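Below are the chains, spelled out letter by letter.
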Amino acid sequence: LIKVKEDIKNNILERKCYRNQQKVLFIDRDNTIIKCTKGSYIISEKEVFLLTENVEKLAFISEKFNFVALISNQPQIAMGLTTWQNVIRINGEIIKLCLNNNLLISCFYICPHHPHSGFPNEDKSLKTNCFCRKPYPGMFFEASYNRNIDLKNSLMIGDSEVDRIAAKNAGVPFKSINLI
């Protein structure tokens, strides 16, 4: 109650109200906040290894933003390697670990699609080259619509060229996790 009264007094509630455009820190998941071997996919909570140094840097940077949103391609769903529910559980574990390191992730947007076929247990309904899969900007636009986000005054931090291109396509400034 004391914290809420303090936030009201400091006008934090009004600033974070969705009537106002929100300034958001978008972050990529794999190899930005958790370790993921190139060419493989995280399909279990047991495989989550937090990149603590990166998370600490992101926690510091996040103080300049209204909230943090995770933006991540998760093609292992389309490939049939895991399920939506399992990816949601994995992301929940990641959010909890980040929170333990002072990084509050408010929401996540994932693209489950994958354009290539031929995987043994693939979900054919998710086999598409969609507008949400990075480097396309669909996840940014969805987040912006849902939460009144000012994309040009937000920031995307990721580890790959795909992240940089997706941010550019959405009109969001980009920084590489390797350079912060």
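Bear in mind the structure is a predicted one, so any value in this text is a computation, not a measurement.

Engineer: Explain unusual backbone geometry to me, please; I cannot follow it from the model alone.
Structural biologist: Most peptide bonds take the trans form, and the phi angle of most residues other than glycine is negative. A cis amide bond links Lys134 to the next residue, Pro135, at an omega of 25°. As for its position among the elements, Pro135 is in the loop between strand 3 (107-111) and helix 5 (138-147). Located in the positive-phi region is Asn148, a residue other than glycine, with phi close to 50°. Examined against the element boundaries, Asn148 turns out to sit in the loop between helix 5 and strand 4 (155-158). Since its relative accessible area comes to 24%, Asn148 is described here as partly exposed.

Engineer: Help me out: how do you make sense of the nonpolar core in this one?
Structural biologist: Nonpolar side chains in soluble globular proteins tend to be buried together. Core analysis: the largest hydrophobic core is formed by 24 residues, its most contacted members being Leu25, Ile27, Ile33, Leu103 and Ile105. Elements with a minimum of two residues in this core: strand 1 (24-27), helix 3 (52-62), strand 2 (67-73), helix 4 (84-99) and strand 4. Other than its neighbours up to four places away in sequence, Leu25 contacts Leu58, Ile61, Ser62, Phe65, Phe67, Val68, Ala69, Leu155 and Ile157. Counting residues in hydrophobic clusters, the runner-up holds 20 residues, among them Ile71, Cys111, Phe140 and Ala166.

Engineer: Just to check I follow, could you spell out the layout of surface pockets for this structure?
Structural biologist: Gaps left between atoms show up when a probe the size of a water molecule is rolled over them. Size it by volume and the largest pocket reaches roughly 560 Å³. Taken together, 22 residues make up the lining of the largest pocket; nearest its centre are Asp30, Lys38, Tyr41, Asn73 and Ser160. Of all the secondary-structure elements, those providing two or more residues to the lining of the largest pocket are strand 2 and helix 6 (161-170). Residue composition of the lining of the largest pocket, grouped by class: five nonpolar, ten polar and seven charged.

Engineer: Would you mind showing me how to read the packing of aromatic side chains here?
Structural biologist: Two aromatic rings are characterised by how far apart their centres lie and by the angle between their planes. Enumeration according to the criterion identifies three aromatic pairs in this entry. With centroids separated by 4.9 Å and ring planes inclined at 70°, the aromatic side chains of Phe26 and Phe140 adopt a geometry described as edge-to-face. Residue Phe26 is located in strand 1, and its partner Phe140 is located in helix 5; the two are separated by 114 residues in the primary sequence. Within the aromatic cluster, the residues linked to one another by ring pairs are Phe131, Tyr136 and Phe141. The ring of Phe65 is capped by Lys23, whose NZ or CZ atom sits 5.4 Å from the centre of that ring. For the cation-ring pair, Arg147 lies above Phe67, with the distance from its terminal atom to the ring centre recorded as 5.3 Å.

Engineer: How do you make sense of the pattern of salt bridges when you look at a structure like this?
Structural biologist: Oppositely charged side chains may form a pair once their charged atoms are brought near each other. Counted according to the given criterion, the structure contains nine salt bridges. In this structure, Glu161 engages Arg164 in a salt bridge whose closest nitrogen and oxygen atoms are separated by 2.4 Å. Here Glu161 and its partner Arg164 are both found in helix 6, three residues apart, which amounts to about one turn of the helix. With a relative accessible area of 45%, Glu161 lands in the partly exposed category. On the accessibility criterion, Arg164 (32% relative accessible area) is partly exposed. Three or more residues are tied together by salt bridges with common partners; here these are Asp28, Lys134 and Asp163.

Engineer: What should I look at first to understand the side chain of Asp30 in this one?
Structural biologist: Summarising the element assignment, Asp30 is placed in the loop between strand 1 and helix 3. The class of Asp30 is buried, set by a relative accessible area of 15%. At a separation of 2.7 Å, a polar atom in the side chain of Asp30 contacts the side chain of Arg29. If near-sequence neighbours (up to four positions away) are discounted, Asp30 is found in contact with Cys36, Ile42, Gln74 and Asp159.

Conventions we followed
Residues numbered from 1 in each chain as written. Predicted model: local features only at pLDDT ≥ 70, side-chain atom pairs only at ≥ 80, totals over all residues. Heavy atoms only, no water. Helix = DSSP H or I, 4+ residues; strand = E, 2+ residues; numbered from the N terminus. Buried < 20%, exposed > 50% of the residue type's maximum accessible area, 1.4 Å probe, protein only. Core = buried A, V, L, I, M, F, W, Y, C linked by side-chain atoms within 4.5 Å. Contact = heavy atoms within 4.5 Å. 1 Å grid on protein atoms, 1.4 Å probe; cavity = no way out; pocket = protein on both sides within 12 Å on 5 of 7 lines; lining within 4 Å. Points joined across faces, edges and corners; volume = space filled by probe spheres on them. Nonpolar A, V, L, I, M, F, W, Y, C, P; charged D, E, K, R; others polar. Phe/Tyr/Trp six-rings, centres within 6.5 Å; stacked < 30°, edge-to-face > 60°. Lys NZ or Arg CZ within 6 Å of the ring centre and 35° of its normal. Salt bridge = Lys/Arg side-chain N within 4 Å of Asp/Glu carboxyl O. Polar contact = N/O pair within 3.5 Å; in protein donor to acceptor, adjacent residues only side chain to side chain.

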